[in-house]
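Structure at a glance
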Amino acid sequence: MVDDSEQPKPTRARLGHLVAVGAVVFPEEGLATYRDGIRVLCAELGIPPESS
């Protein structure tokens, strides 16, 4: 999974355009466990299943 974030006009002075990138890497056999954990977290936070 890879996610990126962007903020063209940061609130702090003189920072300029910011881009952040994050990733999660793990063995394929751990994918189902990771997926299930994300689903539980989304349910706890009230995020609709079709959004995740």
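Note that this is a predicted model, so its numbers are computed, not measured.

Moving on, we come to the pattern of salt bridges. Overall, the coordinates contain one salt bridge when judged by the stated rule. Its salt-bridge partner being D36, residue R35 comes within 3.0 Å of it at the nearest N-O pair. In this structure D36 comes out as partly exposed when scored by relative accessible area, which is 36%.

A cluster of nonpolar side chains, contributed by I38, L41, L45 and I47, occupies part of the molecular surface with about 340 Å² of accessible area. Take L41: it is sitting in helix α1 (residues 31-45).

Time to look at the confidence of the model for the protein. Overall, the prediction assigns the protein a mean pLDDT of 79, with 85% of residues at 70 or greater. When pLDDT is averaged over each helix and strand of the protein, the minimum, 60, is found for strand β1 (residues 2-7) and the maximum, 92, for α1.

Right, let's talk about the packing of aromatic side chains for a bit. Taken as a whole, this structure holds one aromatic pair when the rule is applied. Considering the side-chain rings of F26 and Y34, the 4.8 Å spacing of their centres and the 40° angle between planes classify their relative orientation as tilted. In this structure Y34 comes out as partly exposed when scored by relative accessible area, which is 29%.

Basis of the calculations
Residues numbered from 1 in each chain as written. Predicted model: local features only at pLDDT ≥ 70, side-chain atom pairs only at ≥ 80, totals over all residues. Heavy atoms only, no water. Salt bridge = Lys/Arg side-chain N within 4 Å of Asp/Glu carboxyl O. Buried < 20%, exposed > 50% of the residue type's maximum accessible area, 1.4 Å probe, protein only. Patch = residues over 30% accessible without salt bridge, like charges linked within 9 Å, V, L, I, M, F, W, Y side chains within 5 Å. Areas by Shrake-Rupley, 256 points an atom, 1.4 Å probe, with all protein chains shown as cover. Helix = DSSP H or I, 4+ residues; strand = E, 2+ residues; numbered from the N terminus. pLDDT = per-residue confidence, 0-100. Phe/Tyr/Trp six-rings, centres within 6.5 Å; stacked < 30°, edge-to-face > 60°.

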